[in-house]
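Each chain, written out:
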Amino acid sequence: SSGINAEYGYPTVDSIYGQKPVMQCDWPYLIKCIIIYFGINHACMKLDYMNSLQLSLTLTTLSLMMWWLFDRTVCGLAVGVVSTFFLTSLSQLLVYHGFASYERPDFFFLRSWLPSLMFGAVITIGTIGRQLSAFKLSHLHDE
C-alpha cells in the first residue's frame, strides 16, 4: 500500500509543488535505480558488519546517496522519510502486538537495516512512478 502511495504520490507531489528531479528520468536511468536498490539490499544481507551501528550508518549513507543520485527534491526526501517512519513503525507494532516475531532478539540486525531499505524502496518506487507518469503523458501528447 505504501509502495502504491509512493508510486502515485511522487508525480502528484511534484505537480503540486512544481518540483522535478534534477536528472531527467528515462528507462535506462530507472533500471540503474532498481539495480542500485537491489545492490544495497544484497550488500545488507551478504556483508559482515561488526555491529548494528556500523550497518545502520553504512545503509543510511547509501540510501541518502541513492536519493541524491535519483531524486534530489525536498518533496522526494519528505515523502521518503515519512513513508519510512510509517512503515518501520508499522513493522514494530506488528512485532509488539504478536502478529509477527523475530527468531532471535534482533534478527540479522533487522532494526538497523529496515529503515534504510524502506527509504531506498520508496525512492525506487517513486522513480518508477515518475517514469510511468512521464511515459503516460508522452503517449497522451502523441494521440
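Thresholds applied
- Residues numbered from 1 in each chain as written.
- Predicted model: local features only at pLDDT ≥ 70, side-chain atom pairs only at ≥ 80, totals over all residues.
- Heavy atoms only, no water.
- Helix = DSSP H or I, 4+ residues; strand = E, 2+ residues; numbered from the N terminus.
- Core = buried A, V, L, I, M, F, W, Y, C linked by side-chain atoms within 4.5 Å.
- Buried < 20%, exposed > 50% of the residue type's maximum accessible area, 1.4 Å probe, protein only.
- Axes fitted to C-alpha atoms, helices over the stretch in contact; angles between N-to-C directions.
- Parallel < 35°, antiparallel > 145°, perpendicular 65-115°, else oblique.
- Contact = heavy atoms within 4.5 Å.
- Nonpolar A, V, L, I, M, F, W, Y, C, P; charged D, E, K, R; others polar.

Take the environment of Leu-132 next. With respect to the helices and strands, Leu-132 occurs in helix H5 (residues 110–142). For the pair Leu-132 and Asp-26, spaced 106 residues apart in the sequence, the C-alpha separation amounts to 9.6 Å.

Let's shift gears to the nonpolar core. One finds Leu-59, Met-66, Trp-113 and Leu-117 to be the most contacted residues of the largest nonpolar core, which totals 14 residues. For this core, the secondary-structure elements that each account for two or more residues are helix H2 (27–46), helix H3 (52–70) and H5. In terms of residues, this core owes the most to one element, H2, which gives five residues.

A few words on the packing of H2 against H3. Put simply, H2 and H3 touch, their axes get as near as 11 Å, and they point 180° apart. In terms of axis orientation, H2 runs roughly antiparallel to H3. Contacts from Tyr-29, Lys-32, Cys-33, Ile-36, Tyr-37, Ile-40 and Cys-44 of H2 reach H3 at Leu-59, Leu-62, Met-66, Leu-69 and Phe-70. Residue classes in the contact of H2 with H3 are distributed as eleven nonpolar, no polar and one charged.

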